[in-house]
Amino acid sequence: MSKLAENGWEKEGLTKEEYDKIVDLLKRKPTDTELGIFGVMWSEHCSYKNSKLVLKDLPTEGECVLQGPGENAGIVDIGDNQAISFKIESHNHPSAVEPFQGAATGIGGIIRDIFTMGARPIANLNSLRFGNLNNKRVQYLFKGVVAGISSYGNSIGIPTVGGEIYFDDVYEGNPLVNVMSVGLLDHADIATATARGAGNPVMVVGAATGRDGIKGASFASDELTEESDEDRPAVQVGDPFLEKLLLEASLELIKSGALIGIQDMGAAGLTSSSAEMASRGDSGIEIDIAKVPVREEDMTSYEIMLSESQERMLVVPKKGKENVVKDIFEKWGLHAEVIGKVTDDGMLRILNDGNKVAEISASLLADEAPEYTRETKKPEYLRTIKAVNREKIKSDNFSEDLLKLLSSPTIASKKWVYEQYDHMVMTNTVVGPGSDAAILRIEGKNKAIALTTDCNGKYCYLNPYRGGAIAVCEAARNIVCSGGRPLAITDGLNFGNPMDPEIYWQFKNSVQGIIEACQKLKTPVIGGNVSFYNESPKGAIDPTPIIGMVGLLDSISEQVTMDFKKEGDLIYLVGKNIDELGASQYLKLKIDKVDGIVPQLDLDLEKRVQKTVRSAVKEDVIKSAHDCSEGGLAVTLAESCFENGLGINVDIDEPISDEALLFGESQSRIVVSIAPDDLHKFEEITVSNSVPYMKIGTVQGGEYKFNELINLDVGEMKSKWETAIEVSL
Amino acid sequence: MKAGVVTFPGSNCDHDVYDVLSKIFSFDTDLIWHQKRHLNNYDLLVLPGGFSYGDYLRSGAIARFARIMDSVIDFALAGGLVLGICNGFQILLESNLLPGAMKVNDNLKFVCKNVSLEVNNNKTTFTNHYREKEIIEMPVAHGEGNYYIDKKGLNSLIDNNQIVLRYANQSENPNGSVENIAGISNKKGNILGLMPHPERCSEDIISPGRRDGYRLFSSIVANLKAGGEQIG
């Protein structure tokens, strides 16, 4: 054994109490390597020690769920013995110090999670948050992240089909980069990350191991400071070409039948993959790190165990099938080396050229991390929130306000971004970026899937519980607006420092909101990611629980897009307008502060609104559907005009203020257009679902007319909306 | 009809074009591994889009040394039909099967969108189902599509009617290519390289109302069925 560690726990991100617990469990002091292993395995990133007890109440079961949380990614059934595997993951801290590689390796990591389940990745979505785009540093981060996504995603040949981007000061020093990947597989090909059967070989495949990304998991579990730039070596470097080869080789290996289990080497590299695989199979694993292919000289056992070099996997084949693995990987020009074996003693045993450097019970590392119930305290700022003073935000020019909203970066078209992403490769993209939800056909079948990510962080800041619930509802609404049936979600939970009782209160309440909405809408959570410590010297980010959702279209013919199709079509609003302006983008425009009371949410109404639109889609009466969100009804209608350059004549008589009618962000509202012939059929559907609705106007001409308040040329609006981001860079 | 699609490490549109050839046009289609030496009797070879060998040195620069390329070059020089799409076009340039070179897009960014193209020469095996000067639409998706050729070479292309597709005008040109060039052929007309992706707009479901890529493949099929005689 190497020298004993003394007071080394802090360096490994552990507390004194945790160190004492380790000594207690081991009944001795840990070695340097062992302490490093505990440091990453018991980091928040790997152990969820601060979130587990809150997350356990998330609904994870449902008819469609084939694999819930606990594996590399969850899986849902889509019929015909086919399934979809999907998951969202964050790469916030790496992207804050090295935006290009941070974002690129974020994609690489989540893709590996999907193909280790046996699924071929068929789509990626990105949920991004940045500070104010006028800030030079923010522009650098924004451009770097987009370039990183573009470089990695395009090269590997997986289309980037959707996502969302918000800009707000709270993300200035700590941007969010959450990536959702979605894969398609047959039930028969489902793989697991389990090590079983004493004597079966353990192999490392893919790239050689270097010193990059050492302790990235610990880096992710700390706040960003002025000195974080010094952590740049903790950011890994991605190689999409190598990942493409690894993807093809791994899928070929899974099909070969030679496999017991396979796991991505992500956070905490060889350490977490071996401990987790052993723990899942109630087995032990013994590896000799001298056998791991390395690309640098004189790497210590500590470095090899904790490296986060990208594009590597840990594989357990059946004994005697080592050459099957080698042949497949050799064909793709990749390493495949036996580095150890599965044992039946439950221990993770690390040898260095035969000498033991670490020996720890695998389940101790993977499952016995401490679980904390952190202190909560209702944030002070919530005590002073009150309705906004309407006098201060009166509009004297509604047309101008609408133009300003359409050219604000959060609402403006993200074309500048998504034109840098290949969103068409694999030729399944029926509806791509810029829509409510992306739609992909399932090749050879009549069905399709719909994909979206959603979260309004401001809502979650001002009311974490309702904000969490709204994120789920909006995701479901986007799926419904695209013609799909919501199936399940993955959650990317981004928060500040969990040791701060006010932050923990935000976290707990946001999750509670997600739980209630998921139960109501019957969309279970099949996996996700927690990212704490999203803070910079200026403070914590807004709580941002991003919801990634997958929906199913029974027939591709049921697809719906947001754009108005034909002059003369009738425009309806399903849902109701409420006299509220709290938390809206309109407030940001008027007083440069998003404040006030978050829009009401009635989950029963939400459900009925979605059911109504779904029924109408099934009856084939919906020609367009668009969810009402940031910017309110006025922006929603404008966005529906743009694609085909069609105008509208809208006339609404509501006993609420003009500002709230145009720009209020009341929930559970969907704007649809229908052919005049379908009027009775449509109204019958709404009545039978006892849902509020109103006819608000018609599609006509090339001008946007809303009551007597707004009169604008659609072409002018579109050009402002489409070029705003490029202009501000 | 037999078609072969070469898979280089890093190719990522190989399956897309395979599907179009085999499912829509009923080609007996093979994916050909880059390490093979010999080709079967193909009527058409396709070098697909993607990032062969990561495109790390320069697009197509490493792929041209792949073991299969000697056979591809022999096939092309013997008059076999060769279609290079996107990365495939870049490989054809690097292999000197087509003249000119490819530079990084003039705005230095990858671009993926639909663009309007003008069919400049509809008298090739690949394009005779289009009308002359017809404006069509196809997607592009590339970071290095800025086609360049010197003055002399350009004159030769023009004199021999080798400019097959152009971006419809300057504002449709996504990369800054010389003369808005989007696709060129060799003098003989049996080799076509183009940046746009016809395989991404050959089916109504993913390209509603504008299957302009379909006719590129249907032109090839019609010519093969007519006995391999080149038109024009």
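> Give me the overall build of chain A: which residues, what numbers.
Scanning chain A for helices and strands turns up 25 helices and 28 strands. Whereas a compact globule of 729 residues would reach a radius of gyration of roughly 27 Å, chain A reaches 26 Å, a difference of no more than 12%. Principal axes of the C-alpha set define a box for chain A whose edges measure 80 × 55 × 40 Å. The 729 residues of chain A split such that 63% are buried. Across chain A, every contact between residues at least 6 apart in sequence was considered, and the portion connecting residues at least 24 apart equals 84%.

> Any chance you could break down unusual backbone geometry for me, citing the residues and the numbers?
One non-glycine residue, A:Asp353, adopts positive backbone phi at about 55°. One can find A:Asp353 in the loop between strand E12 (347–352) and strand E13 (355–361). Residue classification places A:Asp353 among the exposed positions, given that 10 C-beta atoms sit within 10 Å. The backbone of B:Ser26 sits at a positive phi, close to 55°, despite the residue not being glycine. Taking the number of C-beta atoms within 10 Å as the measure of exposure, B:Ser26 has 10 and is therefore exposed.

> Before we move on, could you go through the interface of chain A and chain B and cite the residues and values that matter?
Taken residue by residue, the interface counts 23 residues in chain A and 22 residues in chain B. Considering each element in turn, the side of chain A that touches chain B owes the most residues, four residues, to helix H9 (residues 240–256) of chain A. Taken together, the residues of the side of chain A that touches chain B sort by class into 10 nonpolar, nine polar and four charged.

> Before we move on, can you summarise the packing of helix H6 (residues 99–115) of chain A against helix H7 (residues 136–156) of chain A with the specific residues and values?
Residue and element names in this part refer to chain A. Two numbers describe how H6 lies on H7: the axes approach to 7 Å, and their chain directions differ by 40°. Here H7 runs oblique to H6, going by the angle between their axes. H6 and H7 meet at a crossing whose hand is right-handed. For the pair H6 and H7, contact is made by Pro 99, Phe 100, Gln 101, Gly 102, Ala 103, Ala 104, Ile 107, Gly 108 and Ile 111 and by Leu 141, Gly 144, Val 145, Ala 147, Gly 148, Ile 149, Ser 151, Tyr 152, Gly 153 and Ile 156, respectively.

> Before we move on, can you summarise the sheet that holds strand E15 (residues 438–441) of chain A with the specific residues and values?
Residues and elements named next belong to chain A. Overall, mixed pairing links the six strands, which are arranged E14-E15-E16-E21-E17-E18 in an open sheet. Of all strands in the sheet, those bounded by a partner on one side alone are strand E14 (429–431) and strand E18 (525–531). The sheet shows a mean angle of 25° between the axes of neighbouring strands, direction not considered. Helix-sheet contacts for helix H18 (residues 464–481) involve strand E16 (448–454), strand E17 (485–494) and strand E21 (544–553), and the interaxial angle to E21 is about 25°.

> I'd love a proper account of the confidence of the model for chain A, names of residues and values included.
Per-residue confidence for chain A gives a mean pLDDT of 94, with 97% of residues at or over 70. In this model residues 1–5 of chain A is a low-confidence stretch, pLDDT under 50, and it forms 14 contacts with partners more than four residues away in sequence or in other chains.

> Mind laying out the pairing of strand E8 (residues 259–264) of chain A, listing which residues take part and the relevant values?
All names here are of chain A. Extensive coverage of E8 is indicated by the burial of six of its six residues. As defined by bridge partners, E8 adjoins strand E10 (residues 312–317) across five bridges and the pair is classed as antiparallel. Bridged to Gln 263 within E10 is Leu 314.

> Let's hear about the environment of A:Gln667: which residues, and what values?
Structurally, the position occupied by A:Gln667 is in the loop between helix H23 (658–663) and strand E25 (670–674). Separated by 67 residues in the primary sequence, A:Gln667 and A:Gln600 have C-alpha atoms spaced 6.8 Å apart.

> Give me the domain arrangement of chain A: which residues, what numbers.
Examined at the domain level, chain A breaks down into domain 1 (32–40 + 80–346) and domain 2 (374–412 + 560–723). Centre-to-centre, using C-alpha coordinates, domain 1 of chain A lies 41 Å away from domain 2 of chain A.

> Before we move on, can you summarise the sheet that holds strand E7 (residues 201–206) of chain A with the specific residues and values?
Residue and element names in this part refer to chain A. Taken in spatial order, the seven strands of this open sheet run E8-E10-E7-E11-E9-E12-E13, and their pairing is mixed. In this open sheet, the two edge strands, each paired with only one partner strand, are E8 and E13. This sheet shows a mean twist of 25° between the axes of neighbouring strands, independent of strand direction. Pairing between E7 and E10: four bridges, direction antiparallel.

> Which residues make up helix H25 (residues 714–728) of chain A, and what values go with them?
Residues and elements named next belong to chain A. The end-to-end C-alpha distance of H25, which contains 15 residues, comes to 21 Å, matching closely the 21 Å that a straight helix rising 1.5 Å per residue would cover. Of all the bends found along H25, the most pronounced is centred on Glu 722 and spans about 35°. Among all positions in H25, only Met 717, Trp 721, Ala 724 and Ile 725 are buried. In this structure, the buried side of H25 is in contact with helix H15 (398–406), helix H16 (415–418), helix H22 (632–642), strand E27 (703–706) and strand E28 (710–713).

> Provide a residue-level description of the packing of H7(A) against H9(A), including the pertinent values.
All names here are of chain A. Their axes nearest at 9 Å, the elements H7 and H9 cross at an angle of 35°. The interaxial crossing formed by H7 with H9 has right-handed handedness. Side by side, H7 and H9 meet where Ser 151, Tyr 152, Ser 155 and Ile 156 of the first sit next to Pro 240, Phe 241, Glu 243 and Lys 244 of the second. Its residues assigned to classes, the contact of H7 with H9 comprises four nonpolar, two polar and two charged.

> Lay out H22(A) in plain terms, naming residues and giving numbers.
Of all 11 residues in H22(A), 11 are buried, a share of seventy percent or more. Every buried residue of H22(A) is accounted for by A:Gly632, A:Leu633, A:Ala634, A:Val635, A:Thr636, A:Leu637, A:Ala638, A:Glu639, A:Ser640, A:Cys641 and A:Phe642.

> Explain the nonpolar core residue by residue, including any values.
One broad rule of soluble globular proteins: the nonpolar side chains tend to lie buried together. Residues and elements named next belong to chain A. Counting residues in hydrophobic clusters, the biggest one holds 303 residues, and the most contacted among them are Met 41, Val 472 and Val 613. Among the elements that take part in this core, H18 stands out by supplying 11 residues, more than any other. Taken together, domain 1 (32–40 + 80–346) and domain 2 (374–412 + 560–723) each give at least three residues to this core, which thus spans both. Residue contacts for Val 472: discarding those within four places in its chain leaves Ile 489, Ile 514, Ala 517, Cys 518, Leu 521, Thr 523 and Ile 547.

> Please set out the confidence of the model for chain B residue by residue, giving values where relevant.
Parts of the prediction with low pLDDT should not have their coordinates interpreted in detail. Across chain B, the average pLDDT comes to 95, with 98% of residues at or above 70. Scoring the predicted complex yields pTM 0.95 and, for the interface, ipTM 0.96.

> Now, about the pairing of strand E2 (residues 74–79) of chain A: what can you tell me, with residues and values included?
Residues and elements named next belong to chain A. Two elements, strand E1 (residues 65–67) and E2, share two bridges in a ladder whose sense is antiparallel. Looking across to E2, one finds that Gln 67 is bridged to Ile 75. If you look at the hairpin formed by E2 and strand E3 (residues 82–90), you'll find two residues sitting between the two strands, and Asp 80 has a positive phi there, around 55°.

> Tell me about the environment of A:Asp401, and name the residues and values.
All names here are of chain A. Tracing the chain through its elements places Asp 401 in helix H15. For the pair Asp 401 and Tyr 586, spaced 185 residues apart in sequence, the C-alpha to C-alpha distance is 8.2 Å. Once residues within four sequence positions are removed from consideration, Asp 401 is found in contact with Ser 395 and Leu 589.

> Got a sec to walk through the environment of A:Leu125? Specific residues and values, please.
All names here are of chain A. Within the fold, Leu 125 resides in strand E4 (residues 120–130). Linking Leu 125 and Asp 554, residues 429 residues apart in sequence, is a C-alpha distance of 22 Å. The residues touching Leu 125, leaving out its near neighbours within four places in the chain, are Val 161, Gly 162, Gly 163, Met 180, Leu 451, Thr 453 and Gly 548.

Calculation criteria
- Residues numbered from 1 in each chain as written.
- Chains lettered and ligands numbered in written order.
- Predicted model: local features only at pLDDT ≥ 70, side-chain atom pairs only at ≥ 80, totals over all residues.
- Helix = DSSP H or I, 4+ residues; strand = E, 2+ residues; numbered from the N terminus.
- Rg over C-alpha atoms; globule rule 2.2 N^0.38 Å.
- Buried ≥ 20, exposed ≤ 12 C-beta atoms within 10 Å, placed from the backbone.
- Contact = placed C-beta atoms within 7 Å.
- Nonpolar A, V, L, I, M, F, W, Y, C, P; charged D, E, K, R; others polar.
- Axes fitted to C-alpha atoms, helices over the stretch in contact; angles between N-to-C directions.
- Parallel < 35°, antiparallel > 145°, perpendicular 65-115°, else oblique.
- Left-handed = near helix turned anticlockwise from the far one by under 90°.
- Pairing = 2+ DSSP bridges.
- pLDDT = per-residue confidence, 0-100.
- Domains from an automatic or database assignment.
- Expected span 1.5 Å × (residues − 1).
- Bend = angle between axes of the 7 residues up to and from the residue.
- Core = buried A, V, L, I, M, F, W, Y, C linked by C-beta atoms within 7 Å.

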